[in-house]
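Residues per chain, in single letters:
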Amino acid sequence: MALTNRSPARTAAVVAMLCIAAAAAHGTAGGASEPSQCSIAAVAPATTDGRVALRNLNARIEGAERRCLSSDTYRTCALDLVEPLLLRGRIVGQIADYQHAFETAAALASRYPESARAHFLHAKALAALHHFDRALVALDRASSLGHSGAACDRVEQSIRLTQGMHAAKPQQPFEAFWHDAATSPFAVAEMAYEEGRFWMERGDPERARSCFAVAVARVPGFRKAAGHLAEMEAEVGNACAAVRRLEEIAATTDDPDYAAQLARIVPDCEDRAASDAQRWRGRAMTLYHERMNEHPEAFADHAAEFWLSVGNDPMRALQAARINHRVRDTARSRELLAAAMAAVGE
């Protein structure tokens, strides 16, 4: 959940286009769909079953890993491994997948310094872990070696927008989405997730919940979407449903966000004891310590939120908020930094 290169500007543009498309599909005016409806549900095409797609993704990764055991096929299989690992990291929510992708891409760039694709994959893996400056350097190297300019532009635009900067060139997310969505349930699920985040941040939990539900229906193993679906369930007063959904995820993931959510939501569920909240708080603390030691740039924002709330450690929150603001100068990072500074009396 923490590892998302979300761009509010990009997401807003995509959601606006989805609303227009949904309105056209329903014959409505004004470019808006019904308030409780996720726009993408009205316009997304049928795709491969999400469970099948996830099994195929796992098999693709396992096959590449087996081939990588042979030095004769290492380069080819390693090049084929990085992007599936990053995709599974986004969907399944295992930080180990991001780490594996990062280590594989770094090794490729080191062993094959004249490979444009190796440097491009290294840039994507670095960006996924929010090492944005290093990612841009790797991207420049990939471009200088002849990697696709359009592909490099898309990654650079995503990085700069996530950092709170303006992209050098306009993006075309809607067209790219439809190209992928023609066959992939992952593309549809990720777009529904993006739309859900859009409505969540604009204070519409019902509409956000409908989008996260679409994402989970398309890909049942989509943990990030399931986590936010639980968050919206709690927001509308169904804390116990949220707790049950989150417990299934938090017990098996190395992402601390789910345990942190449980620590916050469990006290509102009459089916759980107060000790359960403390147990999840302890697990979140342990995981945030581990993740912040490994990749502070990627986890600083959510860690700061945790330490400011149920984590109850304003000084750690301030340290994390400062890292987060250094990585991305956005309205949200500035608000988080101000809240942490106020909590410690600065």
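Nothing here was measured: the structure is a model prediction, and the numbers come from that model.

So, how was this worked out
- Residues numbered from 1 in each chain as written.
- Predicted model: local features only at pLDDT ≥ 70, side-chain atom pairs only at ≥ 80, totals over all residues.
- Heavy atoms only, no water.
- Helix = DSSP H or I, 4+ residues; strand = E, 2+ residues; numbered from the N terminus.
- Contact = heavy atoms within 4.5 Å.
- Areas by Shrake-Rupley, 256 points an atom, 1.4 Å probe, with all protein chains shown as cover.
- Salt bridge = Lys/Arg side-chain N within 4 Å of Asp/Glu carboxyl O.
- Buried < 20%, exposed > 50% of the residue type's maximum accessible area, 1.4 Å probe, protein only.
- Phe/Tyr/Trp six-rings, centres within 6.5 Å; stacked < 30°, edge-to-face > 60°.
- Core = buried A, V, L, I, M, F, W, Y, C linked by side-chain atoms within 4.5 Å.
- Disulfide = S-S within 2.5 Å.

**Q** Just checking my understanding: could you explain the overall build of the protein chain for this structure?
**A** Counting its secondary structure elements, the protein chain contains 18 helices and 0 strands. Contacts in the protein chain between residues far apart in sequence, at least 24 positions, make up 62% of those at least 6 positions apart. Surface exposure of the protein chain reaches about 15,200 Å², of which carbon and sulfur atoms provide 52%.

**Q** What should I look at first to understand the environment of A304 in this one?
**A** The residue A304 is located in helix α16 (residues 296–308) in this model. Sequence-wise, A304 and A321 are 17 residues apart; in three dimensions their C-alpha atoms are separated by 5.4 Å. Among all residues touching A304, those that are not within four sequence positions of it are A317, A320, A321 and L336.

**Q** Would you take a moment to explain the pattern of salt bridges for this structure?
**A** Pairing between side chains becomes possible if they bear opposite charge and their charged atoms approach one another. Within the structure shown, the criterion is met by 18 salt bridges. Between R279 and D276 there is a salt bridge whose closest N-O contact spans 3.6 Å. Of this pair, R279 and D276 both sit in helix α15 (residues 274–294), 3 residues apart, which is roughly one turn of that helix. With a relative accessible area of 46%, R279 lands in the partly exposed category. The class of D276 is buried, set by a relative accessible area of 17%. Between R332 and D301 there is a salt bridge, and its shortest N-O distance comes to 3.3 Å. Within this pair, whereas R332 is found in helix α18 (residues 331–343), its partner D301 is found in helix α16, the two being separated by 31 residues in sequence. For D301, a relative accessible area of 6% corresponds to the buried category. Salt bridges linked by common partners bring E290, R291 and E294 together as one network.

**Q** I'm lost on unusual backbone geometry in this one. Help?
**A** Only a minority of non-glycine residues have a phi that is not negative, and only a minority of peptide bonds are not trans. At H130, a residue that is not glycine, the phi angle is positive and equals roughly 65°. Residue position: H130 is located in the loop between α6 (116–128) and α7 (132–144). Residue H130 is classed as buried on the basis of its relative accessible area of 2%. Even without a glycine there, the phi angle at N312 is positive, about 55°. Along the polypeptide, N312 turns up in the loop between α16 and α17 (314–327).

**Q** Teacher, can you tell me more about the packing of aromatic side chains here?
**A** The relative placement of two aromatic rings is captured by the distance of their centres and the angle of their planes. Inspection of the entire model under this criterion finds 5 aromatic pairs. Summarising the aromatic geometry, the rings of F198 and W199 are spaced 4.8 Å apart at their centres and angled 85° between planes, so their arrangement reads as edge-to-face. Overall, W199 belongs to the buried group, its relative accessible area being 13%. When the centroid spacing of 5.0 Å and the interplanar angle of 65° are considered together, the rings of F306 and W307 count as edge-to-face.

**Q** Got a minute to help me understand the nonpolar core in this structure?
**A** When a protein is soluble and globular, its nonpolar side chains tend to lie buried together. Judged by nonpolar contacts, the single largest core of 104 residues is most densely connected at I40, I91, L108, F120, F186 and F222. For this core, the element with the most residues is helix α4 (residues 74–92), which contributes 11 residues.

**Q** Even after reading the chapter, I still don't get the state of the cysteines, so can you show me in this structure?
**A** What we call a disulfide is simply a covalent bond connecting the sulfur atoms of a pair of cysteines. The full count for this structure, using the stated rule, is 3 disulfides. Two residues share a disulfide in this structure: C68 and C77, whose sulfurs sit 2.2 Å from each other. The sign of the 130° torsion about the S-S bond sets the C68-C77 disulfide as right-handed. Residue classification places C68 among the buried positions, given a relative accessible area of 17%. Residue C77 is classed as buried on the basis of its relative accessible area of 1%. One disulfide bridge connects C240 with C269, the sulfur atoms lying 2.2 Å from each other. Given an S-S torsion of about 110°, the disulfide between C240 and C269 has right-handed geometry. Of this pair, C240 sits in helix α13 (residues 239–250) while C269 sits in the loop between α14 (257–265) and α15; the two residues are 29 residues apart in sequence, bridging distant segments of the chain. We note that C240, like C269, is buried.

Honestly, that's just the spatial picture; any functional story needs more than this.
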